[in-house]
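# Descriptive analysis of the structure
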Amino acid sequence: MRNPLNNSWFVWRNIVHRWRQSKGRPKLNLHLHEELHQSLELPAKMLEWGVFRFQFVVEVLLQRHGKKLIDQQMELARISNIVIDIFGMTAVLARNSRSVCIGLPNCDHESLLARSFCVEAHRRIQLNVDDILKGMILTNDETYRRISRDIFKEGRYVAEHPLARNY
């Protein structure tokens, strides 16, 4: 944006949006629950929350690392785990919504499975987002990086056997 003063409403809206995201309470305005069966409203809101948190975390990582994000393997692994959980939730909710709408036998059991999967995936997304927001120091990423660098440099496990003689 060249001149933020010309677009003060846009700037204000983005400030409020980022504040809500930083507190973990994004505004759920995709209305995914309207596209699914009404019994899946809570899992649909969990999915929507995961999508918005994914967007926020990607923005944070791009601001933190820029082009060097491709070198941050641990954080990319967390991002990929978030995407896998979002995709899984999407597939499970779509299948369950269709089975409930057309009245397949045992659709109640499938609804229980879908709800439990969504709750677990939501928990995993929350943990991964929290780990990304903590940074590399609090999540031991820097320690793992140093360990792997030493092992790669030596080509073997670096620590000596505790019973080895060193005289």
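Source: prediction; values computed, not measured.

## Description of the nonpolar core
Across soluble globular proteins, nonpolar side chains show a tendency to be buried alongside one another. Counting residues in hydrophobic clusters, the biggest one holds 17 residues, and the most contacted among them are Val57, Leu61, Ile82, Met89, Ile125 and Ile132. Among the secondary structure elements, those contributing two or more residues to this core are α2 (41-65), α3 (73-102) and α4 (107-134).

## A word on the pattern of salt bridges
Applying the stated criterion across every chain yields a total of 10 salt bridges. Arginine 78 is the salt-bridge partner of aspartate 141, the closest N and O atoms lying 2.9 Å from each other. A residue pair is termed long-range when its members are at least 10 positions apart, and aspartate 141 in helix α5 (residues 141-154) and arginine 78 in helix α3 qualify at 63 residues. Aspartate 141 gets classed as buried once you look at its relative accessible area, which sits at 3%. Bridged by salt links that share partners, the residues Arg78, Asp131, Lys134 and Asp141 form one connected network.

## Brief notes about the environment of tyrosine 144
Take tyrosine 144: it is sitting in helix α5. Sequence spacing of tyrosine 144 and methionine 74 is 70 residues, and the spatial spacing of their C-alpha atoms is 9.1 Å. In contact with tyrosine 144, other than residues within four places in its own chain, are Met74 and Thr139.

## Observations regarding the packing of α2 against α3
Two elements in contact, α2 and α3, have axes separated by 10 Å at closest approach and are oriented at 160 degrees. Taken together, the axes of α2 and α3 lie roughly antiparallel to each other. Where α2 crosses over α3, the two elements pack in a sense that is left-handed. In contact with Pro43, Ala44, Met46, Leu47, Gly50, Val51, Phe54, Val57, Val58, Leu61, Arg64 and His65 of α2, α3 contributes Glu75, Ile79, Ile82, Val83, Ile86, Met89, Thr90 and Leu93.

## Concerning the packing of α2 against α4
Their axes nearest at 10 Å, the elements α2 and α4 cross at an angle of 20 degrees. In terms of orientation, α2 lies roughly parallel with respect to α4. The interaxial crossing formed by α2 with α4 has left-handed handedness. In contact with Pro43, Met46, Trp49, Gly50, Arg53, Phe56, Val57, Val60, Leu61 and Arg64 of α2, α4 contributes Arg115, Cys118, Val119, His122, Ile125, Gln126, Val129, Ile132 and Leu133. Taken together, the residues that form the contact of α2 with α4 break down as 13 nonpolar, 3 polar and 3 charged.

## Some points on the side chain of serine 99
Structurally, the position occupied by serine 99 is in helix α3. The buried category is assigned to serine 99, whose relative accessible area is 2%. Look past the residues within four positions of serine 99 in its chain and what remains in contact with it is Leu104, Cys107 and Glu110.

## Comments concerning the environment of glutamate 35
Among the structural elements, glutamate 35 can be located in the loop between α1 (8-22) and α2. With a relative accessible area of 67%, glutamate 35 lands in the exposed category. Separated by 62 residues in the primary sequence, glutamate 35 and serine 97 have C-alpha atoms spaced 9.0 Å apart.

## Re unusual backbone geometry
Even without being a glycine, asparagine 106 presents a positive backbone phi close to 65 degrees. Mapped onto the secondary structure, asparagine 106 falls in the loop between α3 and α4. You can call asparagine 106 exposed: its relative accessible area is 65%.

Quick notes on the rules
Residues numbered from 1 in each chain as written. Predicted model: local features only at pLDDT ≥ 70, side-chain atom pairs only at ≥ 80, totals over all residues. Heavy atoms only, no water. Core = buried A, V, L, I, M, F, W, Y, C linked by side-chain atoms within 4.5 Å. Buried < 20%, exposed > 50% of the residue type's maximum accessible area, 1.4 Å probe, protein only. Helix = DSSP H or I, 4+ residues; strand = E, 2+ residues; numbered from the N terminus. Salt bridge = Lys/Arg side-chain N within 4 Å of Asp/Glu carboxyl O. Contact = heavy atoms within 4.5 Å. Axes fitted to C-alpha atoms, helices over the stretch in contact; angles between N-to-C directions. Parallel < 35°, antiparallel > 145°, perpendicular 65-115°, else oblique. Left-handed = near helix turned anticlockwise from the far one by under 90°. Nonpolar A, V, L, I, M, F, W, Y, C, P; charged D, E, K, R; others polar.

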